[in-house]
Amino acid sequence: MFSATFKSLFAACALVVVTSAAPSSTACTGTISSMSDVTSAVKCTTVNINAFTVPAGQTFNLDLLQGSTVNMLNGNGHTFNGNGPFYWDGQGGNGGVTKPAPMMKIKISGTFTNVKVLNSPARTYSVSNPAPLTMSKLTIDNSLGDKPNSASGSKAAGHNTDGFDCSTHDLVIQDSTIKNQDDCLAINKGSNITFQRNTCSGGHGISVGSISSDATVSDIHILDNTIINNDQALRIKTKSDATSASVSGVTYSGNTATGTKKFGVLIDQSYPSTLGTPGNGCTISGINFVGTTNNIAVASGAQRVAVNCGSGSCTGSWDWSALKVSGGSAGKIVNFSGIKNFSQ
Ligand SMILES: *[C@@H]1O[C@H](CO)[C@@H](O)[C@H](O)[C@H]1NC(C)=O
Ligand SMILES: *[C@@H]1O[C@H](CO)[C@@H](O)[C@H](O)[C@H]1NC(C)=O
């Protein structure tokens, strides 16, 4: 179990939190005030962390005993400052500048709450919890990266700044706010993942994928989120060259989107192209919009719904009775006739 109240300031850091060992027999309290304190402090099941600066390029790795409690002390309003402007060049993972990514690597179970990340250099959270984990009341504010800087020319300085990249099971992410320049959520593989009551602003929307060969995704719940000014609101993207992969059981309920720039709902099997030639090595089934109406508004140049399936790889009957998409123009639904209770 990890329960944390964060009050700390880290600059130019990457944080890795892992639980990997059984508790030691003696309970003790370790205190971390600099990188050199880490090794001895993590031998205790209570770890107090004072505000300090992680030197650029180093990773602050907390390899905790099982059942540890981490308390963040002092510092600056629960904020991890990734010092993004120092790294941003508009090119994310492709640029000449090497960026710490992910900035926050979470491999714990229990709860993780009330943490703010400011200006992540590139991808923000990578989550691979070993047992059930609830992440709540988190803030990712990369909004400064919407503006160009001297290294990015006319492009937004922040790029590839995904909110949450998840390859995991038994995860809830809720009541959080994400302002960024890429996927708000990206589920690459895993099952039993719920993403609810979050607000996503300025990025690429809530995504399942991109799905690679041998990856399976199932039992996903995307509920009651607010999606503001994203390229897509809700998307499933599978790689055109993926084989032996599947996406099954994705439920959308109560999501609201405004200012959607490109696609309201996009299900595309041609990634990394958009609406290119689809592959059919990843089957998609059980994609449902049910329960509370999903109200998705798209901008005038955008498409409402586009579905680009490979031959025979979208299967079954999908209930889209709780989907309303307005604005823009209708998109195409290709290679699939199983969508029920919806017309655009
Ligand atoms: C799904 O995940 C939640 C926590 O994230 C957990 O409490 C629940 O037991 C999981 N359900 C199953 C069927 O494993
Ligand atoms: C259907 O899928 C196949 C590939 O699986 C693709 O080659 C074909 O172009 C698709 N059909 C249409 C109408 O796009």
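Quantities reported herein were computed from a predicted structural model and do not represent experimental measurements. (Residues numbered from 1 in each chain as written. Chains lettered and ligands numbered in written order. Predicted model: local features only at pLDDT ≥ 70, side-chain atom pairs only at ≥ 80, totals over all residues. Heavy atoms only, no water.)

## Quick look at unusual backbone geometry
In step 1: In this model, alanine 101 is joined to proline 102 through a cis peptide bond whose omega is -5 degrees.
In step 2: Of note, the bond from glycine 209 into serine 210 is cis; its omega dihedral lies within 30 degrees of zero at 5 degrees.
In step 3: Turning to its location among the elements, serine 210 is positioned in strand E19 (residues 206-211).
In step 4: Residue asparagine 119 is not a glycine yet carries a positive backbone phi of 55 degrees.
In step 5: The topology assignment puts asparagine 119 in the loop between strand E11 (116-118) and strand E12 (125-127).
In step 6: A positive phi angle, close to 55 degrees, is found at aspartate 224, a residue other than glycine.
In step 7: Locating aspartate 224 in the fold gives a position in the loop between strand E20 (216-223) and strand E21 (226-228).
In step 8: On the basis of relative accessibility, which here comes to 39%, the residue aspartate 224 falls in the partly exposed class. (Helix = DSSP H or I, 4+ residues; strand = E, 2+ residues; numbered from the N terminus. Buried < 20%, exposed > 50% of the residue type's maximum accessible area, 1.4 Å probe, protein only.)

## Observations concerning the pattern of salt bridges
Pairing is possible between side chains of opposite charge, provided their charged atoms come close.
In step 1: Taken as a whole and judged by the stated rule, the model has 6 salt bridges.
In step 2: A salt bridge links arginine 235 to aspartate 183; its shortest N-O distance comes to 2.9 Å. Of the two residues, arginine 235 is situated in strand E22 (residues 232-239) and aspartate 183 in the loop between strand E16 (177-179) and strand E17 (185-196); the sequence distance between them amounts to 52 residues. Pair check on accessibility: arginine 235 and aspartate 183 agree, each one buried. (Salt bridge = Lys/Arg side-chain N within 4 Å of Asp/Glu carboxyl O.)

## Points about the packing of aromatic side chains
For any pair of aromatic rings, the description rests on two quantities: the centre-to-centre distance and the angle between the ring planes.
In step 1: Counted by the stated rule, this structure contains 9 aromatic pairs.
In step 2: Between phenylalanine 86 and tyrosine 87, the ring centres sit 5.0 Å apart and the planes meet at 85 degrees, which makes this aromatic pair edge-to-face.
In step 3: On the accessibility criterion, tyrosine 87 (5% relative accessible area) is buried.
In step 4: A ring pair is formed by phenylalanine 289 and tryptophan 320, whose centres lie 4.8 Å apart and whose planes are at 70 degrees; its orientation type is edge-to-face. On the criterion of sequence distance, the pair formed by phenylalanine 289 in strand E26 (residues 282-289) and tryptophan 320 in the loop between strand E30 (318-319) and strand E31 (323-326) is long-range, its members being 31 residues apart. Per residue, the accessibility class of phenylalanine 289 equals that of tryptophan 320, and both read buried.
In step 5: The structure contains a cluster of three or more aromatic residues connected by ring pairs, namely Tyr252, Phe289, Trp318, Trp320, Phe336 and Phe342. (Phe/Tyr/Trp six-rings, centres within 6.5 Å; stacked < 30°, edge-to-face > 60°.)

## Remarks on the site of ligand 2
In step 1: As a structural note, the neighbourhood of ligand 2 is formed by Pro278, Asn280, Cys309, Gly310, Ser311, Val334 and Asn335.
In step 2: Serine 311 is positioned such that a nitrogen or oxygen atom in its backbone is 2.7 Å from an oxygen atom of ligand 2.
In step 3: Contact distances for ligand 2 include 2.3 Å between an oxygen atom and a side-chain N or O atom of asparagine 335.
In step 4: Burial of ligand 2 by the surrounding chains reaches 52%, relative to a free accessible area of 360 Å².
In step 5: Classifying every residue of the shell around ligand 2 gives 3 nonpolar, 4 polar and no charged. (Near = heavy atom within 4 Å. Polar contact = N/O pair within 3.5 Å; in protein donor to acceptor, adjacent residues only side chain to side chain. Areas by Shrake-Rupley, 256 points an atom, 1.4 Å probe, with all protein chains shown as cover. Nonpolar A, V, L, I, M, F, W, Y, C, P; charged D, E, K, R; others polar.)

## Regarding the state of the cysteines
In step 1: The tally for this structure, following the rule as stated, stands at 3 disulfides.
In step 2: The side chain of cysteine 309 participates in a disulfide bridge whose partner is cysteine 314; the two sulfur atoms lie 2.0 Å from each other. Handedness of the cysteine 309-cysteine 314 disulfide follows from its S-S torsion of about -90 degrees: it is left-handed.
In step 3: Indicated for the chain is the disulfide connectivity 1-2, 3-4, 5-6, based on numbering the bonded cysteines in sequence order.
In step 4: As a non-bridged cysteine, cysteine 166 has cysteine 184 as the owner of its nearest cysteine sulfur, 10 Å distant.
In step 5: Residue cysteine 166 is classed as buried on the basis of its relative accessible area, which comes to 0%.
In step 6: With no disulfide of its own, cysteine 282 lies 8.6 Å from the sulfur of cysteine 314, the closest cysteine sulfur. (Disulfide = S-S within 2.5 Å.)

## Description of the site of ligand 1
In step 1: Every residue lining ligand 1 is accounted for by Pro132, Leu133, Asp170, Leu171, Val172 and Asn192.
In step 2: One of the backbone N or O atoms of leucine 171 is found 3.4 Å from an oxygen atom in ligand 1.
In step 3: Note that an oxygen atom of ligand 1 is positioned 2.3 Å from one of the side-chain N or O atoms of asparagine 192.
In step 4: Out of a free accessible area of 360 Å², ligand 1 has 44% covered by protein chains.
In step 5: In terms of residue count, strand E15 (residues 164-174) provides more of the shell around ligand 1 than any other element does, 3 residues in total.
In step 6: Of the residues assigned to the shell around ligand 1, the class counts are 4 nonpolar, 1 polar and 1 charged.

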